[in-house]
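Residues per chain are reported as follows:
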Amino acid sequence: QVQFVESGGGLVPPGGSLNLSCAPSGSSLHYYAMAWYRQGPVKERELVAGITAAGRTKYADSVKGRFTISRDNDKGTVYLQMNSLKPEDTAVYYCNPANSNSDYKSLLNFWGPGTQVTVSS
């Protein structure tokens, strides 16, 4: 019954930065791997970054060197620091528990509200 609520999105110019947060509602979660996903207009949802309970990370090639995923296991919160944002980063960003052994596929069949990131002048 754990649910995750994303926040921190907004409208930023190219080259700007945002820090997204993924906070659990209900019971805390600090054991599972977690992942950030995004879905832009007329595009399929894709993995952005994943992190295991031990802190091992994986990034999509398109965001390597620009985004950093981290977690606070005591709080159960996962973060995504986004730097040097590009227009193609525009999307709704979601987080969910993930299977780190299966390309960070979501372990849940449903998604939270997400947070909108828009990179535009």
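Residues numbered from 1 in each chain as written. Predicted model: local features only at pLDDT ≥ 70, side-chain atom pairs only at ≥ 80, totals over all residues. Heavy atoms only, no water.

(A) Inspection of the overall build of the protein chain at higher detail. Secondary structure summary: the protein chain contains zero helices and eleven strands in total. The linear arrangement of helices and strands in the protein chain, starting from the amino end, is β-β-β-β-β-β-β-β-β-β-β. Taken over C-alpha atoms, the radius of gyration comes to 13 Å for the protein chain, in line with the 14 Å a tight globule of 121 residues would show. Seen along its three principal axes, the alpha-carbon backbone of the protein chain occupies a region of about 40 × 25 × 25 Å. For the protein chain, with 121 residues in total, the buried portion stands at 41%. Considering only contacts within the protein chain whose residues lie at least 6 apart along the sequence, 57% involve residues at least 24 apart. Here the protein chain has roughly 6,500 Å² of accessible surface; of this, 48% comes from carbon and sulfur atoms. Within the protein chain, the 9 negative side-chain charges are centred at a point lying 2 Å from the centre of the 11 positive side-chain charges. (Helix = DSSP H or I, 4+ residues; strand = E, 2+ residues; numbered from the N terminus. Rg over C-alpha atoms; globule rule 2.2 N^0.38 Å. Buried < 20%, exposed > 50% of the residue type's maximum accessible area, 1.4 Å probe, protein only. Contact = heavy atoms within 4.5 Å. Areas by Shrake-Rupley, 256 points an atom, 1.4 Å probe, with all protein chains shown as cover. Lys, Arg positive; Asp, Glu negative; His and termini not counted. Charge placed at Lys NZ, Arg CZ, Asp CG, Glu CD.)

(B) Spotlight on the side chain of S106. Position of S106 among the secondary structure elements: in strand β10 (residues 105–106). Among the residues examined, S106 registers a relative accessible area of 15% and is labelled buried. A polar contact is formed between the side chain of S106 and the side chain of N96, at a distance of 3.2 Å. For S106, the contacting residues outside a window of four places in its chain are Y37, N96, P97, A98 and W111. (Polar contact = N/O pair within 3.5 Å; in protein donor to acceptor, adjacent residues only side chain to side chain.)

(C) Region of the structure containing the packing of aromatic side chains. Under the definition given, this model contains two aromatic pairs. Aromatic pair Y37 and W111: ring centres 5.0 Å apart, planes at 85°, arrangement edge-to-face. Here Y37, found in strand β4 (residues 33–39), pairs with W111, found in the loop between β10 and β11 (115–119); they are 74 residues apart in sequence, far enough to count as distant. Take W111: its relative accessible area is 27%, and that puts it in the partly exposed class. Connected via pairs of aromatic rings, a cluster forms that spans Y37, Y94 and W111. A cation sits over an aromatic face here: R45 above Y94, 5.2 Å from the ring centre. (Phe/Tyr/Trp six-rings, centres within 6.5 Å; stacked < 30°, edge-to-face > 60°. Lys NZ or Arg CZ within 6 Å of the ring centre and 35° of its normal.)

(D) Examining a nonpolar patch on the surface more closely. Among the surface-exposed residues, Y31, Y32 and L107 lie close enough to one another that they form a single nonpolar patch of about 360 Å² accessible area. Take Y32: it is sitting in the loop between β3 (18–25) and β4. (Patch = residues over 30% accessible without salt bridge, like charges linked within 9 Å, V, L, I, M, F, W, Y side chains within 5 Å. Salt bridge = Lys/Arg side-chain N within 4 Å of Asp/Glu carboxyl O.)

(E) View of the state of the cysteines. Under the definition given, this model contains one disulfide. In this model, C22 is linked to C95 through a disulfide, with the two sulfur atoms separated by 1.7 Å. Judged by the torsion about the S-S bond (75°), the C22/C95 disulfide is right-handed. Here C95 lies in strand β9 (residues 91–99) and C22 lies in strand β3, a separation of 73 residues in the sequence. Residue C95 is classed as buried on the basis of its relative accessible area of 1%. (Disulfide = S-S within 2.5 Å.)

(F) The nonpolar core, seen in detail. Residues W36, V48, F67, I69, L80, M82 and Y93 are the most contacted members of the largest nonpolar core, which totals 25 residues. For this core, the secondary structure elements donating two or more residues are β3, β4, β5 (46–51), β7 (67–72), β8 (77–82), β9 and β11. Counting five residues, the second-largest nonpolar core is a separate cluster that includes A33, A35, Y37 and A98. (Core = buried A, V, L, I, M, F, W, Y, C linked by side-chain atoms within 4.5 Å.)

Any functional reading would require information beyond the geometric quantities listed.
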